[in-house]
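# Structure at a glance
What follows is each chain in one-letter form.
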Amino acid sequence: MHGADPRLVLGLHRSRHHRDLLTAALDLSVTALDTAAPYLGFRSHAALTEAAADLLPRFTLSTKVGFFPSAGGAEHSLDPVRLRLAVERAARELGREPDTVLLHNPEQSLTGLSPADGHALLGDACTALADAARDGLCSAWGVASWDPRPLGMVRVHGLPSPDVLMVRAGFLVGIDLLDATTVLRTAWRAGETWGMSPFGGGHRKVWEEFDPRPFLRPPHDDLSRVQAAFRAAFHLPSASAMAVGTDNPGHLAQLVQALGAEVDVAAVSQYLRTLHGHRQS
Ligand SMILES: NC(=O)c1ccc[n+]([C@@H]2O[C@H](COP(=O)([O-])OP(=O)(O)OC[C@H]3O[C@@H](n4cnc5c(N)ncnc54)[C@H](OP(=O)(O)O)[C@@H]3O)[C@@H](O)[C@H]2O)c1
């Protein structure tokens, strides 16, 4: 791979938030954590400080706002006042300003809106996060989207450009989503692209049937299929960082090892062409 080294971000979506995992991460030189206000039943920020307040300064931290507790359980909202309060709350709970704050699946709030109304709502939300960054509540802001297609529909042109666009990555992501990401990040002039969920949250059986190791160059017999899938995910779509979840330090070590492999970008391009061809046929 050319350009910056690929970066592993330890995602805490499914994590038990145990100190041992954070210690193992630091031992492996994994120094980026990704969480969100609602993770661990809306206790992720507090649990991190309870378990490892002393370790947190050694990590860069990204978190997400825009998913709130509600009477019925939880709800998405792009209300700029709620977003601002949520960013302030995150800093209080974490005992420090997060490095990056991401809008959490904003597409969920666009359902049923006209493109013009969606554009205005998303724009106000982006401005709230851009203002929070300007005011020193975080260093950077961005958007984490499970499905970027509705964001493209509201025409992001003219909205504040996010520093980070975080999207699903890897072989389990369909060509429609990969294409939507490419269009969106260009239209929005997003800074970095981060991938997430390279294993779709689990699905281990897939790798028994599909061997992604031919996508490495040279083929690495010493790496497992899971490792190859993780490494190739940085090209599906092209991403500088990858948020991946594990509660197993041994698995984390395997993922770190995989970062050193090179991806056969020609094979990835061929794979994408094949997916496009199948869609058209
Ligand atoms: N919309 C959003 O904003 C959003 C949505 C989803 C995810 N994310 C971000 O992406 C992160 C990752 O997503 P995710 O946890 O849902 O999915 P994931 O990273 O695709 O998958 C996590 C699963 O992969 C397994 N795994 C990891 N490394 C492995 C290895 N070396 N060998 C075998 N199994 C391995 C883990 O099991 P073990 O624990 O047994 O290793 C865990 O069950 C989240 O924590 C979050 O930061 C964001």
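Preceding this paragraph is the structure being described.
An account of the accompanying structure is given in this report. (Residues numbered from 1 in each chain as written. Predicted model: local features only at pLDDT ≥ 70, side-chain atom pairs only at ≥ 80, totals over all residues. Heavy atoms only, no water.)

Approximately 880 Å³ is the volume attributed to the largest pocket. Lining the largest pocket are 35 residues, with Arg-14, Ser-197, Gly-201, Val-244 and Gly-245 sitting closest to its centre. Sorting the residues of the lining of the largest pocket by element identifies strand E10 (241-245) and helix H10 (249-258) as the ones contributing at least two each. Taken together, the residues of the lining of the largest pocket sort by class into 15 nonpolar, 15 polar and 5 charged. Its boundaries defined by the atoms lining it, the second largest pocket holds a volume of some 220 Å³. Residue lining of the second largest pocket: 13 residues in total, with Ala-37, Phe-42, Phe-68, Pro-69 and Arg-89 positioned closest to the centre. Contributing elements (two or more residues each) for the lining of the second largest pocket: strand E4 (67-70) and helix H4 (80-94). The leading source of residues in the lining of the second largest pocket is H4, at 6 residues. Classifying every residue of the lining of the second largest pocket gives 9 nonpolar, 1 polar and 3 charged. (1 Å grid on protein atoms, 1.4 Å probe; cavity = no way out; pocket = protein on both sides within 12 Å on 5 of 7 lines; lining within 4 Å. Points joined across faces, edges and corners; volume = space filled by probe spheres on them. Helix = DSSP H or I, 4+ residues; strand = E, 2+ residues; numbered from the N terminus. Nonpolar A, V, L, I, M, F, W, Y, C, P; charged D, E, K, R; others polar.)

The buried fraction of strand E9 (residues 192-196) is high, at 4 of 5 residues. Relative to E9, strand E8 (residues 164-168) runs parallel, the two being bridged by 5 bridges. Residue pairing for E9: Val-164 is matched across the bridge by Glu-192. In this fold, the crossover linking E8 to E9 by way of helix H7 (residues 175-188) has right-handed handedness. Inspection of the sheet shows E9 paired to E10 by 3 bridges, in the parallel sense. Across the sheet, residue Trp-194 finds its bridge partner in E10, namely Ala-241. (Buried < 20%, exposed > 50% of the residue type's maximum accessible area, 1.4 Å probe, protein only. Pairing = 2+ DSSP bridges. Right-handed = clockwise from strand over helix to strand, strands pointing away.)

What follows deals with the packing of helix H3 (residues 44-52) against H4. Any two packed helices are characterised by how steeply their axes cross, that is the angle between the axes, and by the distance between the axes. Two elements in contact, H3 and H4, have axes whose closest approach is 8 Å; the angle formed by their N-to-C orientations is 20°. What the angle tells us is that H3 and H4 run roughly parallel. For the element pair H3 and H4, the recorded crossing hand is right-handed. Residues His-45, Leu-48 and Thr-49 of H3 lie in contact with H4, whose contacting residues are Ala-90, Glu-93 and Leu-94. Tallied by class, residues from the contact of H3 with H4 come to 3 nonpolar, 2 polar and 1 charged. (Axes fitted to C-alpha atoms, helices over the stretch in contact; angles between N-to-C directions. Parallel < 35°, antiparallel > 145°, perpendicular 65-115°, else oblique. Left-handed = near helix turned anticlockwise from the far one by under 90°. Contact = heavy atoms within 4.5 Å.)

Quick look at the pattern of salt bridges now. Tallied over the entire structure, the rule returns 16 salt bridges. Between Lys-64 and Asp-34 there is a salt bridge, with the nearest N and O atoms lying 2.6 Å from each other. Taken together, the residues span a long stretch of sequence, with Lys-64 in strand E3 (residues 60-65) and Asp-34 in strand E2 (residues 32-34) at a distance of 30 residues. Classification of Lys-64 by relative accessible area gives buried; the value is 2%. Given the relative accessible area of 2%, Asp-34 is considered buried. Between Arg-84 and Asp-135 there is a salt bridge; the shortest N-O distance is 2.9 Å. A residue pair is termed long-range when its members are at least 10 positions apart, and Arg-84 in helix H4 and Asp-135 in the loop between helix H5 (115-134) and strand E7 (140-145) qualify at 51 residues. When its relative accessible area of 25% is taken as the criterion, Arg-84 is described as partly exposed. (Salt bridge = Lys/Arg side-chain N within 4 Å of Asp/Glu carboxyl O.)

The subject of this paragraph is the site of the ligand. By nearness alone, 29 residues border the ligand, and Asp-34, Asn-105, Phe-199, Thr-246 and His-251 come closest of all. The contact in question runs from an oxygen atom of the ligand to an N or O atom on the backbone of Gly-11, over 3.4 Å. A distance of 3.0 Å is found between an oxygen atom of the ligand and a backbone nitrogen or oxygen belonging to Asp-247. For the ligand, the protein covers 90% of the area, taking 890 Å² as the surface of the free molecule. Taken atom by atom, the bulk of the ligand overlaps the largest pocket. For the shell around the ligand, a count of residues per class yields 11 nonpolar, 13 polar and 5 charged. (Near = heavy atom within 4 Å. Polar contact = N/O pair within 3.5 Å; in protein donor to acceptor, adjacent residues only side chain to side chain. Areas by Shrake-Rupley, 256 points an atom, 1.4 Å probe, with all protein chains shown as cover. Sits in = over half its atoms within 2 Å of the grid points.)

Further remarks concern the packing of aromatic side chains. Inspection of the entire model under this criterion finds 9 aromatic pairs. Plain terms: the ring middles of Phe-199 and Trp-207 are 6.4 Å apart, the flat faces sit at 75° to each other, and that makes the pair edge-to-face. Comparing Phe-199 with Trp-207, the two get one shared label, buried. On the basis of an interplanar angle of 40° and a centroid distance of 6.2 Å, the ring pair of Trp-207 and Phe-210 is categorised as tilted. Above the face of the Phe-68 ring, Arg-82 is positioned so that its terminal group lies 4.3 Å from the ring centre. Directly above the aromatic system of Trp-146 lies the positively charged group of Arg-168, at a separation of 4.2 Å from the ring centroid. (Phe/Tyr/Trp six-rings, centres within 6.5 Å; stacked < 30°, edge-to-face > 60°. Lys NZ or Arg CZ within 6 Å of the ring centre and 35° of its normal.)

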